[in-house]
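Now for the letters of each chain:
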Amino acid sequence: MSSDSQASEGEVYSLNMGPQHPSMHGVLRLLLDLRGEEVIRAKPVIGYSHRAHEKMAENRNTLQFLPNTSRVDYLSGMIYNLGYCQAIEKLLGIDVPERAIYIRVIVNELNRIASHLLWFGTFLLDLGGITPFLYSFDDREEILDILDQVTGSRLTYCYGRFGGVTWDVDETFLTRATAFLARIRERLHMYKQLVTDNVILRERCTGVGVVSEALAKSYGVTGPSLRASGVAYDVRKAEPYGGYDRFDFEVPVLHEGDTMARFHIRIREIEESCKIIEQAIEAIPEGEILPKKMPKRFKLPEGEYYFAVESARGHFGMYIVGDGSDIPVKLKLRTPSFSNLSAMPETLAGTMLADTIAIVGSIDVVMPEIDR
Amino acid sequence: MPQTLTQLLDGSVLAMPIAAGLIMGMLTVNVLMLVWAERKVSAWIQMRMGPTEVGPFGLLQTLADMLKLISKQLITPSNVDKPLYHLAPLLAFAPVVAAVALFPFSESTILVQNDYGLLFVFAFGGIAVIAIFMAGWGSNNKYALLGAIRSVAQNISYEVPLILSALSVVLVVNAMGPTLSSGDGVVAINGLDLSHIVMTQDQQGIWFVVLQPIAAIIYFISALAETNRAPFDIPEAESELVAGFHTEYSGMRFSLFFFAEYTNMLIVSMLAVVLFFGGWDGPVLPGPAWFFLKSYAVIFVMMWVRWTFPRLRFDQLMTFCWKVLIPLSILNLLATAFVIAVL
Amino acid sequence: MGYFGNVFGGFGSLLSGMSVTLRKFSQTVIRRKAVTMQYPKELPELAPAYRSAIKLIRFEESNSHDCVACKACERICPSYCIKLSGGKVEGIKKKRVAEFEMDFALCSLCGLCLDVCPTDTLEYSKVYEEAGYNRDWRVDLLAEFRDYEEEFVAKQRVIEEKAAAEKKAKAEAAKKAKEAKKKAEADEKADNDSKEELS
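Keep in mind that this is a model prediction, so the values were computed, not measured.

Chemist: Even after reading the chapter, I still don't get the nonpolar core, so can you show me in this structure?
Modeler: In summary, soluble globular proteins display a tendency toward joint burial of nonpolar side chains. Phe263 of chain A together with Phe103 and Leu118 of chain B are the most contacted members of the largest nonpolar core, which totals 180 residues. Here the element with the most residues in this core is helix H11 (residues 251-276) of chain B; it accounts for 16 residues. Grouped together as the second largest cluster of nonpolar side chains are 25 residues, Leu341, Met344 and Ile359 of chain A together with Leu146 of chain B included.

Take a look at the structure:
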């Protein structure tokens, strides 16, 4: 930008926010043009944690890519890990035992709640509320402990296998999960009193950072951010996978499209996830967790395939090109955070500096997922 | 019995150094305790433990932290405005120390007796804004500058309701009678004298928080904003401005800002105690004990508020001040004046 | 809600938030219900599925591992952190691993090596506190087995000899049985023949 155009806009200066900044989750860098406290232009700069997951997929066989999946988005690693397994299973026609389907749904939804709780905490932290952050981490810690019981890890799970899961759940796991549901419902009530009803939060969020339905659709925004803009799109309902069609749950939709709507959608999604887990625990059958007969090598048939799951952040898709060997020619990961973030420059223009933090916080980006 | 320590040491060349030493010692211990208390209160609210390792109940943790800060190298970033940058921490630090000297800890424990103590406390509070702006401007950092601009706007705005709410108390004190019986006999009442405000409450047997509840609330809210405490910690909003005006400060310079911030907390709560909670007034325990107990209770509420709420946005903060607090405090002042005139 | 409604409603919501934090505060102070785990002083209970560096299982009957150096784990490992070699051992038929090293700095604890192991002799160790002081953080999985290797070979030889002897005996028995059967058949046939002849 030349100095002439700068002068014509008045006292405009640029602020380089990130990649090291307390509220840029991970390593997002925002180049802001400011007039006083007003944001005139915002330009997200990405690529600070690129780890070449897609390239790695082209250099190893399908099974060896398993540990990579949960590291794409470390906050909902389980959903990505199991989503990849489901993609390969569908491609090769492997039947998953009933018990494994239910276990997968339970751990998936627990992971979704954990991811939303972390978002809740960090969002409040962005707004300056430190105590809700620690309360929600306390709850999240409980989920991580429960998942640790069966997966042996806390964040980067490698729990799924083609055809099932690695470790069977026991009675302790199910009782702990049930107890957690009771706990989180009680805590949600407390969060409402402490946070949702709070006049400062309502003032900070209502009407701030409106993403209209048209804008959301044009950028391919998905997940809670899209549902807050009035589109009832959830992969779990639109193209049911992994047995989600057996459960009774709603897709919460709000039409405001502002930060408050995104806030409410995620809180309600936690409730919906609780409902799914409850039904799954009720109906979980006895049986095997891995099919008896499995191919020794998972050879991808020739052709192009696409499979999508609903991650905590939105539509996570895998585009796989196979050539008959067990090493993919191309494995493209369509990650929701990238599209969600790309709608930001238009949303941020014209807001206050403090709103920028709130809006970027409310769309819940995970930078390693964008960079992959 | 001499009324003040200055009278006790009257004429001695040692008077001022001793008074200054007393204040400094008291304030250092106070800040160390307050930081420890802040960490413990926040920990307990968040169901954590807080410092436990250094000393009993972690009491010496802050002392260790302070020693670390003192021993750190002083870093001056390149291209800063050196005079402003170096002077700012001292300027933030000095007025708060001076303001503490004016407070009557009991009827006979006053370091500096001043007939217009209330005005002086507010005046010293005003100087802090200059220090913050100097720090922000001199740091050559955009975050620091934004923090400084916010701070100036905020402090100047919130001084209005702060002083207006204190003024309604002054009106009440003056209305309580033309004279007041004190240790020196009967003197003319002076609503701006801090000890007179306390003595009036003592003798009337009523705390002004009962007579002036709205003023007390307005005072408390404005005091939070004056001391840059959450939910009004906008000048140093860490999630937006990294550390606000003291982003570029480290080591001892940073700890001077820190010291000033916590001492400011003590000053506004001591002033709250004087204005609304009867100062040293209380049974059994000696005056200063009551005075500090009450001040720490007010500080506890400030901490409690800080660890509960998210932060306001800057424009909302100003709206809140100009559209809610100032009209309310003016209304309260007018109502007070009206009631006094009618009675 | 008018102006005053807004002001007082907002104030009420602030008070209700403060009541929540005060409740938590008193819970922590009075009931000593802090959630912190004082880590070095107390350790967490490790989950049954807990994952740390892989190790070889010591089987009771043989007092040693059962690795046959098939290298399936080395091939499947996505981080190429397993290095092993081995093969034929003097005196016994069974193949044994001679070197089994793993670079824990590279391991991502995915557990694929456990899945592919044909003899199921790999498992996760349950070490909680681990730290590497080099970039090269090699773990020798055979360290605890070296001293027992001779013993194992001796035992295995006995087992194998016994097995071979049994097999031999069995084979001989089978042979005998077969011969007996043959003989019996032949006898029967002869019988039948003679009967036929008779008829």
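Chemist: I tried to follow the layout of surface pockets on my own but got confused; where do I start?
Modeler: Over the atoms rolls a probe the size of a water molecule, and in doing so it shows where empty space is left. One number sums up the size of the largest pocket: a volume of about 1400 Å³. Lining of the largest pocket is provided by 43 residues; of these, Ile217, Ile221 and Phe320 of chain B together with Phe11 and Leu14 of chain C occupy positions nearest its centre. Residue assignment for the lining of the largest pocket shows that the elements contributing at least two residues are helix H8 (199-205) of chain A, helix H9 (213-226), H11, helix H12 (287-306) and helix H13 (314-342) of chain B together with helix H1 (3-31) of chain C. The element that contributes the greatest number of residues to the lining of the largest pocket is H1 of chain C, accounting for eleven residues. Classifying every residue of the lining of the largest pocket by side-chain character gives 35 nonpolar, five polar and three charged. Counted as a void, the second largest pocket has a volume near 950 Å³. What lines the second largest pocket is a set of 32 residues, among which Glu141, Asp145 and Arg154 of chain A together with Met37 and Pro44 of chain C lie closest to the centre. Sorting the residues of the lining of the second largest pocket by element identifies helix H6 (130-151) and helix H7 (171-196) of chain A as the ones contributing at least two each. For the lining of the second largest pocket, the element with the highest residue contribution is H6 of chain A, accounting for eight residues.

Chemist: Is there a simple way to explain the domain arrangement of chain C in this structure?
Modeler: By a widely used convention, the size of an interface equals the accessible area lost when the partners come together. In terms of domain boundaries, chain C breaks down into domain 1 (54-144) and domain 2 (157-199). Here the C-alpha centre of domain 2 of chain C lies 47 Å away from the C-alpha centre of domain 1 of chain C.

Chemist: Please explain a positive patch on the surface as it appears in this structure.
Modeler: A cluster of like positive charges, contributed by Lys88, Lys93, Lys95 and Lys167 of chain C, occupies part of the molecular surface. Its location among the elements puts Lys95 of chain C in strand E3 (residues 95-103).

Chemist: Help me understand helix H15 (residues 353-362) of chain A, please; the structure alone is not making it clear to me.
Modeler: Side chains of residues three or four places apart in an α-helix project in the same direction, reflecting 3.6 residues per turn. All names here are of chain A. Across the ten residues that make up H15, a large majority, ten, are buried. Among all positions in H15, only Leu353, Ala354, Asp355, Thr356, Ile357, Ala358, Ile359, Val360, Gly361 and Ser362 are buried. Positive backbone phi, at 60 degrees, marks Asp364, one or two positions downstream of H15.

Chemist: When you look at unusual backbone geometry in this model, what are you seeing that I'm missing?
Modeler: Most peptide bonds are trans, and most residues other than glycine sit at a negative phi. With a phi angle near 60 degrees, Ala52 of chain A is a residue other than glycine that sits in the positive phi range. Tracing the backbone through its elements, the reader meets Ala52 of chain A in the loop between strand E3 (38-45) and helix H2 (53-57). Look at Asn79 of chain B: it is not a glycine, yet its phi comes out positive at around 65 degrees. Tracing the backbone shows Asn79 of chain B in the loop between helix H3 (61-71) and helix H4 (82-100).

Chemist: Is there a simple way to explain the pattern of salt bridges in this structure?
Modeler: Two side chains bearing opposite charge may form a pair once their charged atoms approach each other closely. All names here are of chain A. All told, the structure shown has 39 salt bridges over all chains when counted by the stated rule. Notably, a salt bridge pairs Arg154 with Asp145, separated by 4.0 Å at the nearest N-O pair. Residue Arg154 is classed as partly exposed on the basis of its relative accessible area, which comes to 36%. Of the charged contacts, one joins Asp234 and Arg236 as a salt bridge, the two residues approaching to 2.9 Å between their closest N and O atoms. When its relative accessible area of 2% is taken as the criterion, Asp234 is described as buried.

Chemist: Looking at this structure, I do not really get the confidence of the model for chain C. What am I missing?
Modeler: It should be kept in mind that the predicted coordinates are not to be read in detail where pLDDT is low. Summing up the model confidence of chain C, the mean pLDDT is 81 and the portion of residues at 70 or higher is 95%. Model confidence for the complex: the whole-complex pTM is 0.85, and ipTM, which rates the interface, is 0.80.

Quick notes on the rules
- Residues numbered from 1 in each chain as written.
- Chains lettered and ligands numbered in written order.
- Predicted model: local features only at pLDDT ≥ 70, side-chain atom pairs only at ≥ 80, totals over all residues.
- Heavy atoms only, no water.
- Core = buried A, V, L, I, M, F, W, Y, C linked by side-chain atoms within 4.5 Å.
- Buried < 20%, exposed > 50% of the residue type's maximum accessible area, 1.4 Å probe, protein only.
- Helix = DSSP H or I, 4+ residues; strand = E, 2+ residues; numbered from the N terminus.
- 1 Å grid on protein atoms, 1.4 Å probe; cavity = no way out; pocket = protein on both sides within 12 Å on 5 of 7 lines; lining within 4 Å.
- Points joined across faces, edges and corners; volume = space filled by probe spheres on them.
- Nonpolar A, V, L, I, M, F, W, Y, C, P; charged D, E, K, R; others polar.
- Domains from an automatic or database assignment.
- Patch = residues over 30% accessible without salt bridge, like charges linked within 9 Å, V, L, I, M, F, W, Y side chains within 5 Å.
- Areas by Shrake-Rupley, 256 points an atom, 1.4 Å probe, with all protein chains shown as cover.
- Salt bridge = Lys/Arg side-chain N within 4 Å of Asp/Glu carboxyl O.
- Lys, Arg positive; Asp, Glu negative; His and termini not counted.
- Charge placed at Lys NZ, Arg CZ, Asp CG, Glu CD.
- pLDDT = per-residue confidence, 0-100.

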